[in-house]
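Residue strings, one per chain:
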Amino acid sequence: MLVTYIQAINQAMHEEMARDDNVFLLGEDVGVLGGAFKATDGMLARFGNERVVDTPISESLIVGAGVGMSIQGMRPILEMQFIDFISCGFDQIVNMAATLRYRHGGQTACPIVVRGPCGGGVHGGLYHSQNPEAWFFHVPGLKVVAPATAYDAKGLLKSAIRDDDPVIYLEHKFLYRRIKEDIPESEFVVPIGKAALRKEGRDLTVIAYGSPVHAVMKAAKDMAKEVDIEVIDLRTLLPLDWKTIRASVGKTGKVLIVHEARRTGGIGGEIAARIAEELFESLDGPVMRVAARDTHNAFSAPLEEYILPNQEKITEAIRKLASY
Amino acid sequence: MLVTYIQAINQAMHEEMARDDNVFLLGEDVGVLGGAFKATDGMLARFGNERVVDTPISESLIVGAGVGMSIQGMRPILEMQFIDFISCGFDQIVNMAATLRYRHGGQTACPIVVRGPCGGGVHGGLYHSQNPEAWFFHVPGLKVVAPATAYDAKGLLKSAIRDDDPVIYLEHKFLYRRIKEDIPESEFVVPIGKAALRKEGRDLTVIAYGSPVHAVMKAAKDMAKEVDIEVIDLRTLLPLDWKTIRASVGKTGKVLIVHEARRTGGIGGEIAARIAEELFESLDGPVMRVAARDTHNAFSAPLEEYILPNQEKITEAIRKLASY
Amino acid sequence: MDERKERELYFWLRLIREFEDRVSALDKQGKVQGGVYSGKGQEAVTVGVCHDLRADDWVFPLHRDLGAFLVKGADPGRLMAQILGKRDGFAKGKDSFLHGGDFSHGIFGATSMLGATLPVAVGSAYKFKVRKEDRVAIAFFGEGASSRGDVHEAMNFAGVHKLPVVFVCENNFYAYSTPNELQFAVEDVASRAQGYGFKGEVCSGNDLHAVMKAAGKAIHRARGGEGPTFLECKTYRYHGHSEHDRATYRTEEELVTWESRDPVERWETYLGKRKYDIASIKTETTERVRKIVDDALAFAEGSPLPEGPEAMEDLYATPVTEG
Amino acid sequence: MDERKERELYFWLRLIREFEDRVSALDKQGKVQGGVYSGKGQEAVTVGVCHDLRADDWVFPLHRDLGAFLVKGADPGRLMAQILGKRDGFAKGKDSFLHGGDFSHGIFGATSMLGATLPVAVGSAYKFKVRKEDRVAIAFFGEGASSRGDVHEAMNFAGVHKLPVVFVCENNFYAYSTPNELQFAVEDVASRAQGYGFKGEVCSGNDLHAVMKAAGKAIHRARGGEGPTFLECKTYRYHGHSEHDRATYRTEEELVTWESRDPVERWETYLGKRKYDIASIKTETTERVRKIVDDALAFAEGSPLPEGPEAMEDLYATPVTEG
Ligand SMILES: Cc1ncc(C[n+]2csc(CCOP(=O)(O)OP(=O)(O)O)c2C)c(N)n1
Ligand SMILES: Cc1ncc(C[n+]2csc(CCOP(=O)(O)OP(=O)(O)O)c2C)c(N)n1
Ligand SMILES: [Mg+2]
Ligand SMILES: [Mg+2]
């Protein structure tokens, strides 16, 4: 079945809501409109307005009410119209949801999914382009996933909905309609916590996730004659699939990390630091990073172009690293 | 003049409010009570209730109103009763204050200081022990400082108040009354962006900030016969004083980073990654880290003890690193 | 009300007070490591609101609502263990005081972030409603917390969906040191209810009869599908904000005025006027509540402290091994 | 009102409409890269509220208040340059549409986070008050934004301190696709004002006279130290939420009903009844506003795009060199 990334997301929610009537959906304009990007298309008509709730503009309420539903046995999906607005529900995520089980000594689960469009490249400017994963990566009790393919978008969302812990699900809006993929008709899930080895290679490992995975794959292909690149798509950011990373680094001895979030304080720093800490002897060069420049995601095309990673910047970094 | 860390904070605010009548103070219980920890003692009586404002419990309002005052030429100090509650004003900090100048193309400054007690070690539990610096470290447009001594507490707060950009000022509550220091009677400031070389050494660099600086200094002293340790107290976390770090790493070739915030996603990852990236040739061992374990800051004494870094854990890491 | 019930209510008022006093005493002795937020003086609110709740109703207590824990059925021993940071606390030592709830009795453990439980209460009530369960959610909050955005967002949503929730505001005239006139420009916070399309009620929170009547109506309304109520109970805390707070921001006169409206004594007066043998009721009750609190303390003291590595437990319901 | 003023008001209504229409047309041609949020149909609100403001008053426009920018004095050319992401926009290309304000005219650039400007407006008003400056802050927000916690926190604080701020709610009956009945359970959002201790007023936002009267009173009250007003203007946006939104969630009938209450035509009718030569006023005004918008567009098109490295500028007022 040929689907876009956003159709995959839509299918995942349809299937899970049909499978389990404890799954609910809350968010702004998720009902009548079917979502600002049509991610929730058809859901109101199919599941009714008790389970598909057009909320007021109240992100803190959305997350908090989701927690409240979850302790009563529901499994709410909570949409942020843009992931940027997660800042308005921040406290409910980091202090309410992430600590719920812990502060109750394990008495409860907190099966919520907070999802929404992240990422730049579409001239969304400061408040429609953000990549907030680093904030949540630093918060125990949460899980964070960021699919790069339609297959993963569907499989990870289904897993996230079934998961008993709060999951931040970051869907990249640049990919919504730009990728189309053949995925199985039959039921499948993608497990949380497992990276995908997108391409095997011997010379150098590139670790990426989300939208940049595609630029990395293209670079790897285009550079195939120069350097044999192994590509890891993390898929789950918290917790990291350390086993896959370790195996690859052990093999290649060189690592480039690519993400669209800003460099300083991005999760690439942690991954690099941990690789260097635990696999120091395996490294034949510094762990390098390609990430957005340390500024806000500016609106005007030349600015955004300058800020974000792209194939050219990736290629350049790979060359530099390969030459070590 | 012999002062505690919290007295130093109190003095800084008194002096700056006396010096510049555009400096205001907003927060919960900062007036009549003089603050939950007495940081703002005596300020209401001296400066009156127009400039020292006991606000309702509204952290988002506190930060947002601070921004509003700042665009009208004021320089508000905004107290979070515990820094943990900064999550409730998160959006106003990361999206309103941090982007204000940028999205106005440089038309304005945003001279606010958001300050409050951070840190653990006092059995404060999940919501009175947090170290939120990593969240803000990832946000361009902000500056982040974290003093470890009374001198720096005073000097950095004065600089923060005079600075034209939004500054997150993290005062460590464990230090409030536990350190007492002789500081000059006369006016001084500590510049933002400059680390302090607390101790010179040849074998190994320890980079720390905030409360753990003291455990590090103690460890360095106690281990003097074994290993000659250089200690850098960062003081400013954003932006980093890269020059001081670079010089030290160039000399010692070994680095341990110590912070009280959780390890995963903490700022130690970024520092380690950057050192490895830019100073790979200088390194004689992996950049190592001692940080809180990846969980919430639990309440009960044995749990907190297990979670937080301490001199013993630091010593152990130093030994391991020295043996490379 | 029959005598049995009136005496039972008295028992709860006294048990809470005894428990609170004991915790304060333990704190003075340095046996409590976290903050202690005494609700002494406000017992009639939690007893009045919680007493007639059903086992499957939920309460969302505020930071000084130890009473709500007890009346709703939390085990006193475990509650005391929690306060001492012991493994048998509901939080297994992970957090202190009322941050760990008791789910088996429908008691939610709040975060410190004031007002943040209201959206959670509302989410629970949403489920009760759409599943057509005859249950209510009770969200307690201080008049101080009423200034938080979360309170607004929660009430607004509850109004839109006419949810079975009662918002109980314990207006004790101070948020820490901050008096009401610096917190809001209205006399009754409950006046906000109409802006959300539901009922606001104000009652004396020191008068058990008044609380029970108002709460009863509100709960009845919630169960009947008539939606939320904003129930404001005017009351007063005798102690400082926490045991460390000497509360010099208020006058002796004010305190004494409120002490003369003491909810426990008021109930004793009532029982006396009902011609019950108040002297023996008092003695009996004193013995009974002492014993409960003694036992609770003994249990808590006997409970072990958690061990360090337990700090890493209970983070995830389905942990992923990193490999 | 004298004729000059009445004609001037007409000019502003028409200028805004011309500007909006041009931006929508540019968007259709694919010349605008960011989102376009047309305020067409709501012109009387911004004109009515802003027209009599003073140069040193401040406005905090919402995302479709292009009109507030113009009336408050922003240069049309720079505004158009901003929309096209050019260097001469107030944001120098850093952000789009109304996110970059014009400080020289007291115009604040909002973030996208709805309601987040209200605390900022309130902070500004606080300064005006304590410095005894005769200035007001005007905070615009949609009825949709009214559900955000920030709105509550800001209004509450403004009430406590009786600040010189007017909260102008443009109630256009939808937040994107969400109708009012899913947003709140009240008819008038302004009914919330009393819960904050100040006045709420409701007026027709399509009737310039009504808006001017109500806004005039509110501003007068603010300047006189009588505190804030919650001014709700009922109005309607003709276009979808953004130009991409076909707005199928509403009926043709509804749209036409509102078009028949068009604020510009209504003012034309009024001018006609005043016996002014409306035909020639129309023609003149059409020419005048077209020229302004043509010039603005020419300026904007002539303005360069920023260059990549400019992305790193304007982050800090006092940058610290990392060394
Ligand atoms: C969001 C948030 N800000 C600040 C605090 C610190 N704090 C704890 S209790 C308190 C006062 C609470 O007042 P109120 O809500 O009236 O409850 P009371 O203590 O009077 O029962 C404050 C400011 C907090 N817990 N949460
Ligand atoms: C905090 C936040 N959540 C969601 C959005 C996405 N969003 C943009 S405009 C809008 C609807 C706004 O409705 P209203 O406030 O009534 O203003 P209107 O567009 O009707 O003028 C929404 C949901 C946002 N900008 N900010
Ligand atoms: Mg109170
Ligand atoms: Mg609207």
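Everything numeric here is computed off the predicted structure, so don't read it as measured data. (Residues numbered from 1 in each chain as written. Chains lettered and ligands numbered in written order. Predicted model: local features only at pLDDT ≥ 70, side-chain atom pairs only at ≥ 80, totals over all residues. Heavy atoms only, no water.)

Peer 1: Quick question: what am I supposed to make of the overall build of chain C here?
Peer 2: A count of helical and extended segments in chain C gives 11 helices and 7 strands. Viewed in the frame of its principal axes, chain C has a C-alpha envelope of about 55 × 55 × 40 Å. A buried classification covers 66% of the 323 residues belonging to chain C. In chain C, 75% of the contacts between residues at least 6 apart in sequence involve partners at least 24 apart. The positive charge centre, built from 43 side chains, and the negative charge centre, built from 50, are 4 Å apart in chain C. (Helix = DSSP H or I, 4+ residues; strand = E, 2+ residues; numbered from the N terminus. Buried < 20%, exposed > 50% of the residue type's maximum accessible area, 1.4 Å probe, protein only. Contact = heavy atoms within 4.5 Å. Lys, Arg positive; Asp, Glu negative; His and termini not counted. Charge placed at Lys NZ, Arg CZ, Asp CG, Glu CD.)

Peer 1: Sorry if this is basic, but what is going on with the interface of chain B and chain D here?
Peer 2: Size of an interface: often given as the accessible area lost when the parts come together. If you look at the interface, chain B gives 52 residues, while chain D gives 48 residues. Together, the buried faces of chain B and chain D total about 4,000 Å²; carbon and sulfur atoms form 57% of this surface. Together, Gln72(B), Tyr102(B) and Arg103(B) form the three largest contributors to the area buried by chain B at its contact with chain D, with a combined 19%. Between chain B and chain D we count 1 salt bridge in total. Among the ionic pairs, Arg131(D) bridges to Asp21(B), the shortest N-O distance being 3.6 Å. Linking chain B to chain D there are 30 residue pairs in polar contact (both at pLDDT 80 or more). Looking at the side of chain B that touches chain D, the elements that each hand over two or more residues are helix 3 (59-71), helix 4 (90-103) and helix 8 (242-252) of chain B. By residue class, the composition of the side of chain B that touches chain D is 20 nonpolar, 18 polar and 14 charged. (Buried area = accessible area lost by both parts, 1.4 Å probe. Salt bridge = Lys/Arg side-chain N within 4 Å of Asp/Glu carboxyl O. Polar contact = N/O pair within 3.5 Å; in protein donor to acceptor, adjacent residues only side chain to side chain. Nonpolar A, V, L, I, M, F, W, Y, C, P; charged D, E, K, R; others polar.)

Peer 1: Which parts of the structure should I look at to understand the pattern of salt bridges?
Peer 2: Any two side chains of opposite charge can pair if their charged atoms end up close together. Residue and element names in this part refer to chain C. Considering all chains together, one arrives at 108 salt bridges over all chains under this definition. Of the charged contacts in the structure, one is a salt bridge between Asp 56 and Arg 135, with a shortest N-O distance of 3.8 Å. In this pair, Asp 56 sits in the loop between helix 2 (43-50) and strand 1 (58-60) while Arg 135 sits in the loop between helix 5 (117-130) and strand 2 (137-142), placing the two residues 79 residues apart along the sequence. Residue classification places Asp 56 among the partly exposed positions, given a relative accessible area of 37%.

Peer 1: Sorry if this is basic, but what is going on with the interface of chain C and chain A here?
Peer 2: Each partner contributes to the interface: chain C provides 48 residues, whereas chain A provides 52 residues. Interface area for chain C against chain A, summed over the two sides, is near 4,000 Å², with a carbon-plus-sulfur share of 57%. Taken together, chain C and chain A are joined by 1 salt bridge. In this structure, the connection of chain C to chain A is made through 30 residue pairs in polar contact (both at pLDDT 80 or more). For the side of chain C that touches chain A, the elements supplying multiple residues, two or more each, are strand 1, helix 5 and helix 6 (149-161) of chain C.

Peer 1: Is there a simple way to think about the side chain of Thr117(D) in this case?
Peer 2: Along the chain, Thr117(D) turns up in helix 5 (residues 117-130). On the basis of relative accessibility, which here comes to 6%, the residue Thr117(D) falls in the buried class. Once you skip the residues sitting within four places of it in the chain, Thr117(D) turns out to touch Met96(B), Phe60(D), Phe108(D), Ala110(D) and Phe140(D).

Peer 1: Would you take a moment to explain the packing of aromatic side chains for this structure?
Peer 2: For any pair of aromatic rings, geometry is given as the distance between the ring centres together with the angle between the planes. Within this structure, the stated rule accounts for 51 aromatic pairs over all chains. Ring centres 6.1 Å apart and planes at 80° place the aromatic pair Phe82(A) and Phe85(A) in the edge-to-face group. The residues Phe82(A) and Phe85(A) share a single accessibility class, namely buried. An angle of 25° between the planes, with centres 6.1 Å apart, marks the rings of Tyr196(C) and Phe198(C) as stacked. On the basis of relative accessibility, which here comes to 2%, the residue Tyr196(C) falls in the buried class. Using a relative accessible area of 9% as the deciding quantity, one classes Phe198(C) as buried. What links up through ring pairs into an aromatic cluster is the set Phe90(A), Trp135(A), Phe136(A), Phe90(B), Trp135(B) and Phe136(B). Directly above the ring of Tyr306(A) sits Arg293(A), whose terminal nitrogen or CZ lies 3.7 Å from the centroid. (Phe/Tyr/Trp six-rings, centres within 6.5 Å; stacked < 30°, edge-to-face > 60°. Lys NZ or Arg CZ within 6 Å of the ring centre and 35° of its normal.)

Peer 1: Is there a simple way to explain the domain arrangement of chain A in this structure?
Peer 2: Residues and elements named next belong to chain A. By domain assignment, chain A separates into domain 1 (2-182) and domain 2 (196-322). Relative to domain 2, the C-alpha centre of domain 1 lies at a distance of 26 Å. Domain 1 puts 28 residues into the contact, and the matching count from domain 2 is 26 residues. Between domain 1 and domain 2 the total buried area reaches about 2,100 Å² when both faces are included, carbon and sulfur atoms providing 62% of it. The largest contributions to the domain 1 side of the interface with domain 2 come from His 123, Glu 133 and Phe 137, which together make up 29% of the buried area. Seen at the junction of domain 1 and domain 2, the total is 2 salt bridges. Asp 152 is paired through a salt bridge with Arg 235; the nearest N and O atoms lie 2.9 Å apart. (Domains from an automatic or database assignment.)

Peer 1: When you look at the site of ligand 2 in this model, what are you seeing that I'm missing?
Peer 2: Taken together, 21 residues lie around ligand 2, and Glu59(A), His63(D), Arg64(D), Ser112(D) and Tyr174(D) are the ones closest in. At the site occupied by ligand 2, the surrounding residues belong to chains A and D. One of the backbone N or O atoms of Ser112(D) is found 2.8 Å from a nitrogen atom in ligand 2. Contact distances for ligand 2 include 2.9 Å between an oxygen atom and a side-chain N or O atom of Asn172(D). (Near = heavy atom within 4 Å.)

Peer 1: How do you make sense of the coordination of the magnesium ion (ligand 3) when you look at a structure like this?
Peer 2: Each donor-metal-donor angle in an ideal tetrahedron of four donors is 109.5 degrees, and each such angle in an ideal octahedron of six donors is either 90 or 180 degrees. All names here are of chain C. Distances from the magnesium ion (ligand 3) to its protein donors, Glu 143 (OE), Glu 143 (OE), Asn 172 (OD1) and Tyr 174 (O), fall within 2.0 to 2.6 Å. Here the magnesium ion (ligand 3) binds 6 donor atoms, and the angle range of 52 to 168° at the metal identifies the geometry as irregular. One chain supplies every donor for the magnesium ion (ligand 3), spaced along it as E-x28-N-x1-Y. For the pair Asn 172 and Tyr 174, one class covers both residues: buried. (Donors = N, O, S within 2.8 Å, 3.2 Å for Na, K, Ca; no water. Tetrahedral: all angles 85-135°; square planar, octahedral: opposite > 155°, others 65-115°.)

Peer 1: Help me out: how do you make sense of the sheet that holds strand 3 (residues 52-54) of chain B in this one?
Peer 2: Neighbouring strands of a sheet are bound in pairs by backbone hydrogen bonds; such pairs are parallel or else antiparallel. Residue and element names in this part refer to chain B. Taking strand neighbours across the sheet as the criterion, the 7 strands line up as 3-2-4-5-7-6-12 in an open arrangement whose pairing is mixed. At either end of the open sheet lies a strand with only one pairing partner, and these are strand 3 and strand 12 (236-238). For this sheet the average axis-to-axis angle between neighbouring strands, irrespective of direction, equals 20°. Here strand 2 (residues 23-27) runs beside strand 4 (residues 75-79); their pairing, made up of 5 bridges, is parallel. If you follow Phe 24 over to strand 4, its bridge partner there is Pro 76. Docked against the sheet, helix 3 engages strand 2 and strand 4, running at close to 170° with respect to strand 4. (Pairing = 2+ DSSP bridges. Axes fitted to C-alpha atoms, helices over the stretch in contact; angles between N-to-C directions.)

Peer 1: Honestly, the coordination of the magnesium ion (ligand 4) in this entry has me stumped. Any pointers?
Peer 2: Each protein donor to the magnesium ion (ligand 4) is listed here as Glu143(D) (OE), Glu143(D) (OE), Asn172(D) (OD1) and Tyr174(D) (O); together their distances run 2.0 to 2.6 Å. In this structure, the magnesium ion (ligand 4) is surrounded by 6 donor atoms whose angles at the metal cover 53 to 166°, and the resulting shape is irregular.

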